[in-house]
Amino acid sequence: MTSRNLVLGANGFLGQHLVEAFIKRGEKAKAYVSLKSSRAKPSFEGVEWIYGDFVSEQRWLQILDGVEICYHLISTTSPKRSNEDPIFDVDSNIIGTLRLLEAAKQTCTKIIFASSGGTIYGNSKGLLTETDQTHPLNSYGITKLSIEKYLSLYKTLYDLKSISLRISNPYGMYQSSQAGQGAATIFLNKVLRGEPIDIWGDGTVVRDYIYVSDVIEAMLASSIYDGDTQIFNIGSGVGVSLLDLISEIEYTTQKSAKINYFPARKFDVLKNVLNIDLACSKLRWKPSVSLKEGLQITECWLKQHNKY
C-alpha cells in the first residue's frame, strides 16, 4: 500500500493521535512500530503496520518508497532515564536517525521531527524563542538537539526538507499514566487513585503544558509549510507551576492531592515556557485547548480506561 504519510512510533502517545488524525481525514498512512515496544498496537483500520528495530533498521529505502512526509516521533529514552545511560541514548536515537536520513535524501522525503522544547533550552527567566541559546541538562535534550543539527546539515548538503517541532509538555488521551514523563497525566491519575504525588523541590518549577490535539494540529500544519524556517516552538505559551497544576487537577477531580516532597534534582529546569509567535505566524497555527479543558478531557479518558 502506497501512502503519502509515514509515522514512526505510531503506537506511542503522539503517534496514535497522528495516525487517528489521518484516518479521520481519509488519508492513508504507514505506521512504523518498534518490535521492542511494550505498547499494544492500536486497532486502526486502513493503516499499513511495519515492525522493525529503529536502532538497526536497514529497510528505509523500501519503507520510504512513495512516502512524501515522515513524522519522526520515536525516542528510545526519556529525560529522566537518559542520563543513566547516555551511550545507549546516543546509539539508539542519533545513529538510528542518521540511517533514516541517508535514505530520505534519496527519496526526497520531508522529515517532521518531534524535538523537545522542554529539555533543549535549559534554565531561563522569560519566554523562550527559537533563537535563544540551548543548554540541555540531560542527555535526552542533547540527542534531540543533535538530531536537529543533523537535519540542518542534510538541508544544506542535500536540500532535504525538514521541520523540528520543539514541543513543550504534551498531555492527554493515550498517554501512559505510569511512565516517567507527562506530569499532567501522571498527577491526574494519582489524584484519582488517591495516591501521593512525588515532587522534587518546592513545587515552584514552572512548565508549559499543551494538550495533545494542539500538537497534532501543529504537525499537520508543518506538513504543508513550504518556507525556510526549520525550527518552531510548540507549546501553550503559558507558564504553570507544579503546585498550580495540582490545584487545577484538584478543581477538575474535586479531590484533594497528597504530596510527597523530595530534594530538588540537578537536571530539573526551574522554568520553561515557550514563545510560540513564530509558529502562530508562519504555520498559521495556535493552541485552542485550555489547561482546564484538557484536564477535563483527560480525566474522562482515564476514568473510562481505569478502575478507580
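Read on for an overview of the structure.

## Structural notes on the packing of helix 6 (residues 183–193) against helix 10 (residues 291–305)
Phase 1 of the analysis: Where helix 6 contacts helix 10, the two axes come as close as 10 Å, and the packing angle between them is 55 degrees. Accordingly, the angle class assigned to the pair helix 6 and helix 10 is oblique. For helix 6 against helix 10, the interelement crossing comes out right-handed. Only Leu-295, Thr-298, Glu-299, Leu-302 and Lys-303 of helix 10 make contact with helix 6, whose side of the interface consists of Ala-184, Thr-185, Leu-188, Asn-189 and Leu-192.

## Some details on helix 6
Phase 1 of the analysis: Helix 6 sits mainly inside the fold: 8 of its 11 residues count as buried.
Phase 2 of the analysis: If you check which residues of helix 6 are buried, you get Ala-184, Thr-185, Ile-186, Phe-187, Leu-188, Asn-189, Val-191 and Leu-192.
Phase 3 of the analysis: Looking at the buried positions of helix 6, the neighbouring elements they touch are strand 7 (169–171), strand 8 (197–200), strand 10 (209–211), helix 8 (242–253) and helix 10.
Phase 4 of the analysis: After helix 6 finishes, the residue Gly-194 shows a positive phi value of roughly 75 degrees.

## Some remarks on the packing of aromatic side chains
Phase 1 of the analysis: For the coordinates displayed, the defined rule picks out 8 aromatic pairs.
Phase 2 of the analysis: Where Tyr-171 meets Tyr-211, the ring centres are 5.4 Å apart and the plane angle is 75 degrees; that geometry is what we call edge-to-face. Placement of the pair is Tyr-171 in strand 7 and Tyr-211 in strand 10, with a sequence separation of 40 residues.
Phase 3 of the analysis: By relative accessible area, Tyr-171 is classed as buried at 1%.
Phase 4 of the analysis: With centroids separated by 5.5 Å and ring planes inclined at 25 degrees, the aromatic side chains of Trp-200 and Phe-262 adopt a geometry described as stacked. Separated by 62 residues along the polypeptide, Trp-200 in strand 8 and Phe-262 in strand 13 (residues 259–262) bring together distant segments of the chain.
Phase 5 of the analysis: For Trp-200, a relative accessible area of 29% translates into the label partly exposed.
Phase 6 of the analysis: Taken together, the ring pairs in this structure connect Tyr-32, Phe-54 and Trp-60 into an aromatic cluster.

## A look at the pattern of salt bridges
Phase 1 of the analysis: Within this structure, the stated rule accounts for 12 salt bridges.
Phase 2 of the analysis: Its salt-bridge partner being Arg-4, residue Glu-27 comes within 3.8 Å of it at the nearest N-O pair. Placement of the pair is Glu-27 in the loop between helix 1 (13–24) and strand 2 (29–34) and Arg-4 in the segment before strand 1 (5–8), with a sequence separation of 23 residues.
Phase 3 of the analysis: Owing to a relative accessible area of 30%, Arg-4 belongs among the partly exposed residues under this scheme.
Phase 4 of the analysis: Put simply, Lys-161 and Asp-226 hold a salt bridge, and the shortest N to O gap is 3.2 Å. Of this pair, Lys-161 sits in the loop between helix 5 (139–158) and strand 6 (162–167) while Asp-226 sits in the loop between helix 7 (212–224) and strand 11 (231–234), and the two are 65 residues apart along the sequence.
Phase 5 of the analysis: Asp-226 sits in the exposed class, given a relative accessible area of 60%.
Phase 6 of the analysis: Within the structure, one salt-bridge network assembled from shared partners comprises Arg-4, Arg-25, Glu-27 and Glu-68.

## A look at the sheet that holds strand 4 (residues 69–72)
Phase 1 of the analysis: Taken in spatial order, the 7 strands line up as 3-2-1-4-5-6-11 in an open sheet, and their pairing is parallel. Looking at strand neighbours, the two that pair on one side only are strand 3 (47–52) and strand 11, the edges of this open sheet. Taking each pair of neighbouring strands and ignoring which way they run, the sheet shows an average axis angle of 20 degrees.
Phase 2 of the analysis: In the packing of helix 1 onto the sheet, the strands contacted are strand 1, strand 2, strand 3, strand 4 and strand 6, and the crossing angle to strand 1 comes to about 160 degrees.

## Focus on helix 8
Working note: α-helix, 3.6 residues per turn, so residues spaced by three or four point in the same direction.
Phase 1 of the analysis: Given a rise of 1.5 Å per residue, 12 residues ought to cover 16 Å, and the 16 Å separating the end C-alpha atoms of helix 8 matches this to within 8%.
Phase 2 of the analysis: Taken together, the buried residues of helix 8 touch helix 6, strand 8, strand 10, strand 12 (240–241), strand 13 and helix 10.
Phase 3 of the analysis: Following helix 8 by one or two positions, Gln-254 has its phi on the positive side, about 60 degrees.

## Thoughts on the side chain of Thr-253
Phase 1 of the analysis: Its location among the elements puts Thr-253 in helix 8.
Phase 2 of the analysis: Judged by relative accessible area, Thr-253 falls into the buried class, the value being 9%.
Phase 3 of the analysis: There is a polar contact of 2.8 Å between the side chain of Thr-253 and the backbone oxygen of Ile-249.
Phase 4 of the analysis: Here the side chain of Thr-253 touches Lys-255 through a polar contact of 3.2 Å, landing on its backbone nitrogen.
Phase 5 of the analysis: Those residues in contact with Thr-253 that sit more than four places away from it in its chain are Leu-188, Val-191, Leu-192 and Glu-299.

## Details of the state of the cysteines
Phase 1 of the analysis: Inspection of the entire model under this criterion finds 0 disulfides.
Phase 2 of the analysis: The structure places no disulfide on Cys-70, whose sulfur is separated from the nearest cysteine sulfur, that of Cys-108, by 14 Å.
Phase 3 of the analysis: For Cys-108, a relative accessible area of 64% translates into the label exposed.

Conventions and cut-offs
Throughout this document, residue positions are counted from 1 along each chain, in the order its sequence is written. Owing to the predicted nature of the model, reporting of local features is limited to residues with pLDDT of at least 70; listing and counting of side-chain atom pairs is limited to 80 or more, with chain, interface and lining totals taken over all residues. Based on all heavy atoms of the structure, the side-chain values leave hydrogens and waters out of the count. Axis lines are fitted through C-alpha atoms, for helices just across the contact stretch, and the angle between N-to-C directions can take any value from 0 to 180 degrees. Secondary structure follows DSSP: runs of H or I at least 4 residues long count as helices, runs of E at least 2 residues long count as strands, and numbering of each begins at the N terminus. Should an angle fall under 35 degrees it is called roughly parallel, over 145 degrees roughly antiparallel, and 65 to 115 degrees roughly perpendicular, with every other angle called oblique. Each helix crossing is assigned a hand: it is left-handed if the near helix lies turned anticlockwise from the far helix by less than a right angle, otherwise right-handed if that turn is clockwise. Any two residues whose heavy atoms approach within 4.5 Å are treated as being in contact. Buried, partly exposed and exposed residues are distinguished by accessible area as a fraction of the type maximum, computed with a 1.4 Å probe on protein chains only: under 20%, between the cut-offs, and over 50%, respectively. Put simply, two rings from Phe, Tyr or Trp (the six-membered ring, in Trp's case) pair if the centres are within 6.5 Å, and we call them stacked under 30 degrees between planes, edge-to-face over 60, tilted for the rest. Only one rule defines a salt bridge in this text: a Lys or Arg side-chain nitrogen within 4 Å of an Asp or Glu carboxyl oxygen. Here, strands pair whenever DSSP counts at least two bridges between them. How far a helix is expected to stretch is found by multiplying one less than its residue total by 1.5 Å. Each polar contact in these results corresponds to two N or O atoms within 3.5 Å; when the atoms are within protein, one needs to be able to donate a hydrogen and the other to accept it, and residues that are neighboring in sequence are counted only if both atoms are side-chain atoms. For this text, the term disulfide refers to a pair of cysteine sulfurs within 2.5 Å.

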